[in-house]
Amino acid sequence: MWILADEAANDFSIGMALCDYIPVILYGCAAFLLLRDLHNKAGRVAYSLMAAGFIFNVLAGFCKATWKLLYAANICDFSPLNEMFFPVQSFAFLLAGAGALALIITGRKKPMVAASFLAPVVWSGTMLFVAFMCIGLGLLDAGLIFVCVMMKRKRYIPLFVVSFVFCLGMGYLSSQDFSEAYWNWIAEGVNIIGCGALFVGALLLHKDGLADFKMDGSQPPKEAKAE
């Protein structure tokens, strides 16, 4: 439903709306680097899951930022762009996390023990999406930390830990009253830090030869040093 912006209660400025594109761009760049470097390591299922998760996440973030910009410019409040964000983002994180888990399990020649999961209880409402986000983020960052360990780049692990904590923090912030401007600026800062840490980590792994590295360790990264 299209609603005139001046009928809504949110307090957005154009500057704040434009800032919302920053984490989307950072996340998109990180996704591009990771998908480019991991395409020769992941099987079709793992790569497809990660690609779908990354793409849906970028699209969800872009739609949310566009909704803010339309509102801040006093054009309209096209609420579907806002309402679809959290469900799509949560499911996208779950897809990307599942892809990262599949990469860990199938990306090595040596057999690994796959994690087993109990049948989940039935949730309804927001808790289902919160669960998706927590599981997906955890698996995604755990997979990237695993890559750091395999490449002997343990010094990059804190970047993915920071990314996990700050991106997960957005789950809490989403429950706050975003009609207040200060909550929006806090969320912007948290989101930028989380996506920025992910981008920096992906960029460093890319520069250290992730594209040529083999998950079984037969191809060491550039200038690998024991840590």
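All of the points below concern the structure found in this document. Every value quoted in this text rests on a predicted model; they were computed, and no experiment measured them. (Residues numbered from 1 in each chain as written. Predicted model: local features only at pLDDT ≥ 70, side-chain atom pairs only at ≥ 80, totals over all residues. Heavy atoms only, no water.)

1. A short note on the environment of Phe164
By the secondary structure assignment, Phe164 is in helix α7 (residues 157-173). The class for Phe164 is partly exposed, based on a relative accessible area of 25%. Beyond its immediate sequence surroundings of up to four residues, Phe164 is in contact with Cys134, Leu137, Gly138 and Asp141. (Helix = DSSP H or I, 4+ residues; strand = E, 2+ residues; numbered from the N terminus. Buried < 20%, exposed > 50% of the residue type's maximum accessible area, 1.4 Å probe, protein only. Contact = heavy atoms within 4.5 Å.)

2. Regarding the packing of aromatic side chains
Each aromatic ring pair is summarised here by two numbers: the centre-to-centre distance and the angle between the ring planes. Under the defined criterion, the tally for this structure stands at three aromatic pairs. Ring centres of Tyr27 and Phe54 lie 5.8 Å apart, and the angle between their planes is 65°; on these two criteria the pair is classed as edge-to-face. Highlighted residues: Tyr27 in helix α2 (residues 21-38) and Phe54 in helix α3 (residues 44-72), separated in sequence by 27 residues. Judged by its relative accessible area of 2%, Phe54 is buried. Ring centres of Tyr27 and Phe93 lie 6.3 Å apart, and the angle between their planes is 85°; this geometry places the pair in the edge-to-face category. With Tyr27 in helix α2 and Phe93 in helix α5 (residues 85-106), this pair connects stretches of sequence that are 66 residues apart. A residue is classified by how much of its surface remains accessible, and Phe93, at 5% relative accessible area, is buried. Ring-pair connections join several aromatic residues into one group, and the members of that group are Tyr27, Phe54 and Phe93. (Phe/Tyr/Trp six-rings, centres within 6.5 Å; stacked < 30°, edge-to-face > 60°.)

3. Quick notes on the side chain of Glu188
By the element assignment, Glu188 lies in helix α8 (residues 181-207). Residues within four places of Glu188 in sequence aside, it is in contact with Met16, Cys19, Asp20 and Lys68.

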